[in-house]
Amino acid sequence: MLELDKLVKIIGDGIDAGISALGLGPAWVVLVQLIVAAAVVLIFASLVVLFLVWWERKVSARFQMRLGPMRVGWQGTIQTIADALKLLQKELITPANVDRGIYFWAPVVTFVAALAVYVTIPFGKGLIVRDLNIGILYILSITTFTVIGLLMAGWSSNNKYALLGGFRSAAQVVSYEVPMALAVVGVIMLTQTLSMGEIVAQQQKFYQWYIWRQPLGFLIYLVAATAECNRTPFDLPEADSELVAGFVTEYSGMKFAMFFLAEFLNMFTVAAVATTLFFGGWNGPVLPSWAWFMIKTLLGVFVLMWFRWTYPRLRVDQLMSFAWKFLLPLAFINIVLTGLGIYIFKS
Amino acid sequence: MDTFSLAFYALAFLIIAAAIFVVTSKNIFHSAIYLILALFGVAGIYVLLQAPFLAAAQVLIYVGAVSMLMIFAIMLTARIADDSIRHTNEQVGTGLLVSLGLLAVIVYSLWQTPFPISAAPMPEGAGGTIGRLLLTQFVLPFEIVSVLLLGALIGAVVIAQKDKVRGVSEPPNTPLPKPAEKVAG
């Protein structure tokens, strides 16, 4: 089997031996191991985004009966690399009336928050940077920084479209975070743990997947998570037909690219969390665990793309009343039902 | 200095510096951002004290909800972030008295607390224990806080609603022409 956990262990032990040979303490070993892990995650994330951008363009093209990128490489596969190189070379324009400090830090905060989530995502057997015992709670809390970044961008740009985008994203994320967290609570009630590693370990067989016991929770999670990544039908923060590009209107070059990267990373995160919570994580027959994780997660991403290119955008008031008047009561009902179920089947 | 102290002092410096910027910053939006930094630093202290659940809750509630609503309120208030708006008032004496009183209370309670050091290992998953205590021993304060928040929520709705009704019945700065003038014209 092509499991990678042995390789990870060998590399980890190698670093341990190397650093210890230099006469440095265990703290340094942990530090170097974490830096290496962070570098690996960063490279992985970049590759994932490169693929997702190309895939999104291809999927959208197919949905609209077009071909999408075809020129650079086979089926336009290296189109994204060309685009990334173009973005790298572009001039970084800072408009005259922006709030410089906040304008500079906004993309950094957004991107770091999107990346920091990957610490507790179990990519496969033994492929988790840190299996924190608060895993899922950590993910829910770190993702809130993404919105802080968007708000900073919207406010500091000193542009009405950017500001409106910022408003909308704040209202949207504050609203949809609640049903999303409550949907996750349904699963946590069954797992009795917050650790991502243990949640995966509890779903080894196909019939143990939590989707079977939490179908309503999964639907709520899916809708709320789509809203959290600001994707259509919930893409009001950057509704291009009304707000130019929303909070990214005043950004160019690499700073723009960082928002772009964060958006695609968030989409991958949402699908990865759904895979872990509801679809058995990396468990699966024959294929190596990381392959199963990638297959399930990419299927989740495909569903999000499918939404985006099928549904029209909601109106702001529809968006808010949907979250508070429909999704939130439904999430409470789900929790009550889950509690009843646990009570009945335990006794 | 060991790594624990190093991390503690780095975090303490970050929190205090951010807190000073919160009160001295001329721009209220900057204050809000520095407040987030300070609250995040406190979460770091919790991590250092091996209370990850508390740290995550701190970030989720203070950064994710409270600060976000603050920023939202700032963004919705016209020209509040202008540098020309003062962030202080005349009541320096009263303010000093209240803050010194608060400081005295905090110092006194720190002085009085024995801070026992337990040799027992860290309990795995403090979340369960916290949840159990909240619904048994501390159920009354927990419920009182809930009712308080509900009251604040309803109050906010009432205030917002009043504005809306007034806005509909008498639009500001547009006096309606008197019927008599209309006839005359």
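Keep in mind that what you see is a predicted model, and the values were worked out from it rather than measured.

Chemist: Got a minute to help me understand the overall build of chain A in this structure?
Modeler: Looking only at helices and strands, one finds 13 helices and 0 strands in chain A. Taken from the N to the C terminus, the helices and strands of chain A come in the order α-α-α-α-α-α-α-α-α-α-α-α-α. At 21 Å, chain A has a C-alpha radius of gyration in line with the 20 Å of a compact globule built from 347 residues. Sequence separation of at least 24 residues holds for 76% of the intrachain contacts in chain A that already meet a minimum separation of 6.

Chemist: How should the overall build of chain B be read in this particular structure?
Modeler: Secondary structure assignment for chain B yields 7 helices and 0 strands. For chain B, the N- to C-terminal ordering of α and β elements is α-α-α-α-α-α-α. Out of the 185 residues in chain B, the part that is buried amounts to 13%. Put simply, 53% of the contacts in chain B that link residues at least 6 apart link residues at least 24 apart.

Chemist: Teacher, can you tell me more about the domain arrangement of chain A here?
Modeler: Residue and element names in this part refer to chain A. Here the domain parsing of chain A yields domain 1 (1-53) and domain 2 (89-346). With centres defined by C-alpha atoms, the gap from domain 1 to domain 2 works out at 26 Å. When contributions to the side of domain 1 that touches domain 2 are tallied by element, the ones reaching two or more residues are α1 (5-21) and α2 (26-63). At 8 residues, the largest contribution of residues to the side of domain 1 that touches domain 2 is made by α2. Of the residues belonging to the side of domain 1 that touches domain 2, the class tally is 12 nonpolar, no polar and 2 charged.

Chemist: How do you make sense of helix α5 (residues 135-142) of chain A when you look at a structure like this?
Modeler: For an α-helix, 3.6 residues make a turn, and residues three or four places apart therefore share a direction. Burial of α5(A) is extensive: 8 of the 8 residues sit out of reach of the surface. Those residues of α5(A) not exposed but buried are A:G135, A:I136, A:L137, A:Y138, A:I139, A:L140, A:S141 and A:I142. Buried residues in α5(A) make contact with α4 (100-116), α6 (144-156), α7 (160-191), α8 (196-201) and α11 (253-278) of chain A together with α3 (52-76) of chain B.

Chemist: Any chance you could explain the packing of α7(A) against helix α13 (residues 316-346) of chain A here in plain terms?
Modeler: A pair of packed helices is captured by two measures, namely the crossing angle of their axes and the spacing between those axes. Between α7(A) and α13(A), the least distance of the axes is 9 Å, while the angle of their chain directions is 10 degrees. Regarding the angle of α7(A) to α13(A), the classification is roughly parallel.

Chemist: What is the right way to look at the interface of chain A and chain B in this model?
Modeler: Bring the parts together and some accessible area is lost; that lost area is often taken as the interface size. Taken residue by residue, the interface counts 23 residues in chain A and 20 residues in chain B. Put simply, the parts of the chain that give the side of chain A that touches chain B at least two residues each are α5, α6 and α7 of chain A. Looking at which element gives the most residues to the side of chain A that touches chain B, the answer is α6(A), with 7 residues. The residue makeup of the side of chain A that touches chain B, split by class, is 18 nonpolar, 4 polar and 1 charged.

Chemist: How do you make sense of unusual backbone geometry when you look at a structure like this?
Modeler: A negative phi angle characterises most non-glycine residues, just as the trans form characterises most peptide bonds. All names here are of chain A. Phi is positive for M65, close to 55 degrees, though the residue is something other than glycine. Among the structural elements, M65 can be located in the loop between α2 and α3 (79-89). For Q192, which is not glycine, the phi dihedral falls at a positive 60 degrees. Within the element layout of this structure, Q192 appears in the loop between α7 and α8.

Chemist: Just checking my understanding: could you explain the environment of A:V29 for this structure?
Modeler: Residue and element names in this part refer to chain A. As for its position among the elements, V29 is in helix α2. A count of 18 C-beta atoms within 10 Å places V29 in the partly exposed class. Counting along the chain gives 75 residues from V29 to F104, while the straight-line C-alpha distance between them is 33 Å. Not counting residues within four places of it along the chain, the set of residues in contact with V29 comprises I15, D16, I19 and S20.

Chemist: Got a minute to help me understand the nonpolar core in this structure?
Modeler: Residues and elements named next belong to chain A. Judged by nonpolar contacts, the single largest core of 114 residues is most densely connected at Y221, A224 and A274. Examining the composition of this core, we find that 17 residues originate from one element, α11, more than from any other. Look past the residues within four positions of A274 in its chain and what remains in contact with it is Y221, L222, A225, F279 and G300.

Chemist: When you look at the confidence of the model for chain A in this model, what are you seeing that I'm missing?
Modeler: Any segment with low pLDDT has predicted coordinates that should not be analysed in fine detail. Mean pLDDT for chain A: 82, with 96% of residues reaching 70 or above. Helix α9 (residues 215-228) of chain A holds the highest mean pLDDT among the elements of chain A, 88, whereas helix α10 (residues 240-243) of chain A holds the lowest, 67.

Chemist: Mind showing me how you'd approach the packing of helix α2 (residues 28-48) of chain B against α3(B) here?
Modeler: All names here are of chain B. Close contact between α2 and α3 brings their axes to 8 Å; oriented N to C, the two are set at 175 degrees. Here α2 is positioned roughly antiparallel relative to α3, judged by the angle of their axes. Contacts between α2 and α3 pair I28, F29, A32, L35, I36, L39, F40, V42, A43, Y46 and V47 from the former with P52, L54, A55, Q58, V59, Y62, V63, S67, M70, I71 and I74 from the latter. Residue composition of the contact of α2 with α3, by class: 20 nonpolar, 2 polar and no charged.

Chemist: I keep staring at the confidence of the model for chain B and nothing clicks. Help me out?
Modeler: All names here are of chain B. For chain B, per-residue confidence averages 79 on the pLDDT scale, and 78% of positions sit at 70 or higher. By mean pLDDT, the top-scoring element of chain B is helix α4 (residues 92-112) (91), and the lowest-scoring one is helix α7 (residues 179-184) (50). Here residues 181-185 is a poorly scored stretch, pLDDT under 50, and it has 1 contact once near neighbours within four places are set aside; other chains count. Interface predicted TM-score (ipTM) for the complex: 0.80; the corresponding pTM is 0.82.

Chemist: Looking at this model, I keep getting lost on the environment of A:I142. Mind explaining?
Modeler: Checked against the element boundaries, A:I142 lands in helix α5. Placed 189 residues apart in sequence, A:I142 and A:A331 show a C-alpha to C-alpha distance of 22 Å.

Chemist: In this structure, what is going on with the environment of B:R132? I would like to understand it.
Modeler: Residues and elements named next belong to chain B. Mapped onto the fold, R132 is located in helix α5 (residues 126-135). Assessed through the 11 C-beta atoms surrounding it within 10 Å, R132 is described here as exposed. For the pair R132 and T3, spaced 129 residues apart in sequence, the C-alpha to C-alpha distance is 34 Å.

Calculation criteria
- Residues numbered from 1 in each chain as written.
- Chains lettered and ligands numbered in written order.
- Predicted model: local features only at pLDDT ≥ 70, side-chain atom pairs only at ≥ 80, totals over all residues.
- Helix = DSSP H or I, 4+ residues; strand = E, 2+ residues; numbered from the N terminus.
- Rg over C-alpha atoms; globule rule 2.2 N^0.38 Å.
- Contact = placed C-beta atoms within 7 Å.
- Buried ≥ 20, exposed ≤ 12 C-beta atoms within 10 Å, placed from the backbone.
- Domains from an automatic or database assignment.
- Nonpolar A, V, L, I, M, F, W, Y, C, P; charged D, E, K, R; others polar.
- Axes fitted to C-alpha atoms, helices over the stretch in contact; angles between N-to-C directions.
- Parallel < 35°, antiparallel > 145°, perpendicular 65-115°, else oblique.
- Core = buried A, V, L, I, M, F, W, Y, C linked by C-beta atoms within 7 Å.
- pLDDT = per-residue confidence, 0-100.

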